[in-house]
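The residues making up each chain are set out below.
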Amino acid sequence: MEADREWMYEGRIVNGMFSNKWGDKVDEFVAFALRHPECVNGGTAIRCPCTLVKCQNKKFLNVETVKVHLYKNGFVPDYYVWIYHGEKEVHQRCSRSVRVLVSETDQMVSDNMNHTTYHRMVCDATGPEFNPDEEPNAEARNFYDMIRAGDKPVYEGNSKHTQLSAAVRMLEIKCRHRCSQAWFDDMSNFIQVLLPSDNLMPLDFYSTKKLVRGLGLPVQVIHCCVNNCMIYWGDDSDLNSCKKFGHARYKQTVRGSGNRLYIRKLKVPYKKMPYFPITPRLQRLYASTATANEMRWHSEHHMEDAVCSGAYESKGEDRCFLTAIDSGVEKFVGCWGQTYDISKRQNFQMRAALMWTINDFPAYSMMSGWSTAGMLACLHCMEDSDAFRLIKSGKQSWFDNHRKFLPINHPYRRNTKDFIKNRKFTKQFPGVRSGDEILRVLNNRGLRKVMDVDAEVVNAAISKTCGWNKRSIFWDLPYWREHLLRHNLDVMHIEKNVFDNIFNTVFNIPGKTKDTYKLRDELNKYCRRPQFAQNLVTSKYPDVPFVLNKSQKKDVLEWVKKLRFPDGYASNLGRCVDANKLKMFGMKSHDCHVFMQRLLPIALREFLPNRIWEPLTEISLFFKQLTSSSLTDEELRNLDEQIPVILCNLEKIFPPSFFDSMEHLPVHLAYEARIAGPVHYR
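Residues numbered from 1 in each chain as written. Predicted model: local features only at pLDDT ≥ 70, side-chain atom pairs only at ≥ 80, totals over all residues. Heavy atoms only, no water.

### What about the overall build of the protein chain?
To keep things clear, this is the line we draw: Put simply, DSSP marks the helices as runs of H or I at least four residues long and the strands as runs of E at least two long, and each gets a number from the N terminus on. Contacts were defined at the residue level, with two residues in contact if any of their heavy atoms lie within 4.5 Å. Areas reported as accessible are Shrake-Rupley estimates using a 1.4 Å probe. Residue values count occlusion only from the protein chains shown.
The helix and strand inventory of the protein chain stands at 23 helices and 19 strands. Once local pairs closer than 6 in sequence are excluded, the contacts in the protein chain between residues at least 24 apart make up 61%. If you sum the accessible surface of the protein chain, you get close to 35100 Å²; carbon and sulfur atoms cover 51% of it.

### Observations concerning the nonpolar core
Counted only if it meets this: Among buried residues, the Ala, Val, Leu, Ile, Met, Phe, Trp, Tyr and Cys ones that are joined through side-chain atoms within 4.5 Å form a nonpolar core. The rule is simple: take the accessible area with a 1.4 Å probe, protein chains only, and divide by the maximum for that residue type; under 20% is buried, over 50% is exposed, in between is partly exposed.
Residues Trp 468, Ile 502, Met 584, Phe 595, Ile 619, Phe 622 and Phe 623 are the most contacted members of the largest nonpolar core, which totals 90 residues. Discounting residues that sit within four places of it in the chain, Phe 595 has contacts with Phe 499, Phe 503, Val 560, Leu 573, Met 584, Met 587 and Leu 600.

### A look at the packing of helix α19 (residues 589-604) against helix α20 (residues 610-626)
To keep things clear, this is the line we draw: Lines fitted to the C-alpha atoms define the axes, with helices restricted to the stretch that makes contact. Angles between their N-to-C directions range from 0 to 180 degrees. Each angle receives one of four descriptions, namely roughly parallel if under 35 degrees, roughly antiparallel if over 145, roughly perpendicular if within 65 to 115, and oblique otherwise. Helix crossings fall into two classes, left-handed where the near helix is turned counterclockwise from the far one by less than a right angle and right-handed where it is turned clockwise.
Running from N to C, α19 and α20 cross one another at 165°; their axes reach a closest spacing of 8 Å. Considering the angle they form, α19 stands roughly antiparallel to α20. Crossing geometry of α19 relative to α20 is assigned as left-handed. Contact residues: α19 offers Met 596, Gln 597, Arg 598, Pro 601 and Leu 604, while α20 offers Trp 613, Leu 616, Thr 617, Ile 619, Ser 620, Phe 623 and Lys 624.

### Looking at the confidence of the model for the protein chain
One rule of thumb: low pLDDT means the predicted coordinates there are not for detailed reading. Inclusion rule: Note: pLDDT gives the predictor's confidence per residue, expressed from 0 to 100.
Residues of the protein chain with pLDDT of at least 70 account for 84%, and the chain-wide mean is 83. The low-confidence segment residues 310-335, where pLDDT is below 50, has 74 contacts with residues more than four positions distant or belonging to other chains.

### So, the sheet that holds strand β5 (residues 220-224)
Filter applied, for reference: Strands were regarded as paired on the criterion that DSSP finds at least two bridges between them.
Spatial strand order, β6-β5-β9: three strands in an open sheet with antiparallel pairing. Edge positions in the sheet fall to β6 (231-232) and β9 (271-275), since each of these pairs with one other strand and no more. Two elements, β5 and β9, share five bridges in a ladder whose sense is antiparallel. Within β9, the position partnered with His 223 by the bridge is Lys 272.

### Re the packing of aromatic side chains
We count it as follows: Note on aromatic pairs: the rings of Phe, Tyr and Trp (six-membered ring only in Trp) are paired at centre separations within 6.5 Å, and the planes decide the class, stacked below 30 degrees, edge-to-face beyond 60, tilted for the rest.
Within this structure, the stated rule accounts for 30 aromatic pairs. Consider the rings of Tyr 286 and Phe 348, whose centres lie 4.9 Å apart with planes at 70°: the pair is edge-to-face. Taken together, the residues Tyr 286 in helix α9 (residues 278-287) and Phe 348 in strand β12 (residues 346-349) connect sequence positions 62 residues apart. With a relative accessible area of 11%, Tyr 286 lands in the buried category. A residue is classified by how much of its surface remains accessible, and Phe 348, at 23% relative accessible area, is partly exposed. Plain terms: the ring middles of Phe 399 and Phe 659 are 5.8 Å apart, the flat faces sit at 50° to each other, and that makes the pair tilted.

### Observations concerning helix α14 (residues 455-463)
Where we set the bar: This arc is taken over the directions from the axis of the helix to the C-beta atoms.
Within α14 the residues assigned to the buried category are Ala 455, Asn 459 and Ile 462. All buried residues of α14 lie within an arc of 60° about the axis, which places them on one face of the element. Exposed residues lying more than 90 degrees from the buried face of α14 are Glu 456 and Val 457. Where the residues of α14 are buried, they touch α13 (435-445).

### Observations concerning the pattern of salt bridges
In a structure, side chains of opposite charge can pair up when their charged atoms sit close to one another. Which entries qualify depends on this criterion: Whenever a carboxyl oxygen of Asp or Glu lies within 4 Å of a side-chain nitrogen of Lys or Arg, that contact is scored as a salt bridge.
Applying the stated criterion across every chain, the model contains 21 salt bridges. For Asp 386, the salt bridge goes to Lys 427, with nearest N and O atoms at 3.1 Å. Highlighted residues: Asp 386 in the loop between α12 (361-368) and β14 (388-389) and Lys 427 in the loop between β15 (396-397) and α13, separated in sequence by 41 residues. Judged by relative accessible area, Asp 386 falls into the buried class, the value being 15%. Notably, a salt bridge pairs Arg 637 with Asp 633, separated by 2.8 Å at the nearest N-O pair.

### What about the pairing of β5?
Direction of pairing for β5 relative to β6: antiparallel, over a ladder of two bridges. By the bridge assignment, His 223 is partnered in β6 with Tyr 232. Taking the residues that link successive antiparallel strands as the turn, the β5-β6 hairpin has six residues, and the phi of Asn 228 there is positive, at about 65°.

### What about the side chain of Lys 449?
The line we're drawing: Whenever two N or O atoms come within 3.5 Å, that pair is a polar contact, provided that in protein one can donate a hydrogen and the other can accept it, and provided that, for residues adjacent in sequence, both atoms are side-chain atoms.
When you line up the elements, Lys 449 lands in the loop between α13 and α14. Within the structure, the side chain of Lys 449 is placed 2.7 Å from the side chain of Asp 476, a separation counted as a polar contact.

### Digging into α9
Within α9, seven of the 10 residues are buried, which leaves it mostly tucked inside the rest of the structure. Those residues of α9 not exposed but buried are Ile 278, Thr 279, Leu 282, Gln 283, Arg 284, Tyr 286 and Ala 287.

### What to know about the environment of Leu 548
Relative to the assigned elements, Leu 548 resides in the loop between α17 (523-526) and α18 (550-561). Along the chain, Leu 548 and Val 506 lie 42 residues apart, while their C-alpha atoms are 6.0 Å from each other. Ignoring sequence-local partners within four residues, the contact set of Leu 548 consists of Val 506, Phe 507, Lys 553, Val 556, Leu 604, Phe 607 and Leu 608.

### Quick notes on the packing of helix α15 (residues 491-506) against α19
Using the following cut-off: Lys, Arg, Asp and Glu make up the charged group, whereas Ala, Val, Leu, Ile, Met, Phe, Trp, Tyr, Cys and Pro make up the nonpolar group; the residues left over, Gly among them, are polar.
One way to put it is that α15 packs onto α19 with a least axis distance of 9 Å and a crossing angle of 45°. On the basis of their axis angle, the class for α15 and α19 is oblique. For the pair α15 and α19, the sense of crossing is left-handed. Residue-level contacts link Met 492, Glu 495, Lys 496, Val 498, Phe 499, Asp 500, Ile 502, Phe 503 and Val 506 of α15 to Ser 589, His 590, Cys 592, His 593, Phe 595, Met 596, Gln 597, Leu 600 and Leu 604 of α19. A class-by-class count of the residues in the contact of α15 with α19 yields 11 nonpolar, four polar and three charged.

### Considering the environment of Met 367
Position of Met 367 relative to the elements: it lies in helix α12. Residues Met 367 and Ile 473 lie 106 residues apart in sequence; the distance between their C-alpha atoms is 8.4 Å.

### Considering unusual backbone geometry
In the Ramachandran plot, Asp 78 falls in the positive-phi region, its phi being about 60° despite a non-glycine side chain. Of note, the phi angle at Arg 345 is positive, near 55°, even though the residue is not glycine. Inspection of the secondary structure assignment puts Arg 345 in the loop between β11 (338-341) and β12. Residue Arg 345 is classed as partly exposed on the basis of its relative accessible area of 36%.

### Here's the deal with the environment of Ser 241
Looking at where Ser 241 falls in the secondary structure, it is placed in the loop between β6 and β7 (254-255). Sequence separation between Ser 241 and Cys 225 is 16 residues, and the spatial gap between their C-alpha atoms is 8.0 Å. Here Ser 241 is in contact with Tyr 232, Gly 246, His 247, Ala 248 and Arg 249, once residues within four sequence places are set aside.

Shown next as structure tokens:
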């Protein structure tokens, strides 16, 4: 068979159709498997290597079903060596040391399959070119020594299984058949009776887990207060009750009543959380040839023609209850010990820094300490926001909040008709505040971290006069003030909210549209649009040009229902169509992403006037270009100049009630992309 197996993961679908060439390769694969009777069950069934959880080389199916599964789901990742289908030779994708180890156990395919399961596990842990003959540091050497120690045969003369491969195989059987720990212990004891007395098989489940634990990465379990107000960690690890409200750490230890009282021996906390330490995970990334080069990307990569592209690796520590961990930030400042870089074959002193955070808008407030609710919701604009509250509806509006981003001589600044009436705009956006400026404000106002004494009372009083509601723990990092961007806006969530507002308003979805009679009452108090005012004779409101009628809605939804996309490109949008209520429901973020960038301009082209369709197309193209895989500095500068104009054009169409904070945030997205790079690499 050919050594190049890239065809397995490329060329399955060409121009939206299954490739005949790829199908021929699948037929060759099936024929190869059938030529090895030891891998065939019942004469016509082979293991299905598709990506379904129930398959993945675990389940025997007839060959025709296997073909259907492969066409539909593709091959399981990294299955370049067909060990489950009779192949005994390992191609160049594995290192020489792994090839030698596998070749020693190729007497039987089943044994080769079991042994390779262990080696696949080693490849996952150390990279496909693990070379134990290098000179790593002491910690890495211990890891490699553990692998060597586990590579001893189960007993003298056995060439089919090593101690580690047998342990992995036993754990695999336990997981696949969902066996209990007691079953595992009993089976281990029975195997001990069958094997020679000097065998190396683990004695029980505990010994087996201990043997393979070194291949994995550590996890710590930290106890939490039942009210989520603190964690028992660091200096507080020995406390038995919450230092804030006095709630007990552990559940009641005495049970029963009367003469039948008993005491629980083990202390069971009310709540706990897993914490995954970042240090060993970073060290493992440097120990793997698959990722070591990418870990040095920023230091070695040079931008060509000011193009932002490539693998942006931001290494930070994402923990639950981060604001409750005070001393933990010291981890981001000092050295983290010797780390072995296998791609350069050298040790170095690893240091790490938190580059930024990426969250949806509610979590954005939790991480930054700036409130994302109200008229000061934008962390870039802060007190320079021009948002206001509509009188009748009480809704907050960010209408006419974007002319300050335009050039000083732009004609929109002098427009007194299409925006807030009789208002010329001379104000300019002062720019994003630096870290030093923000830190100075936090210190002057006396904001406290949430774990400080009286923090809740003090911060609540201060938050009534400004947008800050606490001091983030990140400001304890000495370099945090130097960052140009500390908290990323989540582009996907913003795009979804913008799309929902546009779609629900254009389709006039009850309860979700931004154009209601109540909101129309106050429209002309802010804008000069008398053509949309209530008719005093009939007491009716005229139709607006940006809302589709019933027949137009039906046409759009019927078109969406018949759409077909290439496999993996998008979900079935037809399932989201409600033909009776003339709306779409249950759309996920990616569905909205595809509809916003690819379908919206096409769907509305024939039904809306050009003066309305063009701004909607412009905002669609803005998100499409912003989320592309590579961006030049010139393109980002153009986007930064275009987006205020696009938003102003939308303000000329839609009422003030349409514009909430989500319609304002796109004005800052191009600025963030210039700093942090393409969206999907952050």
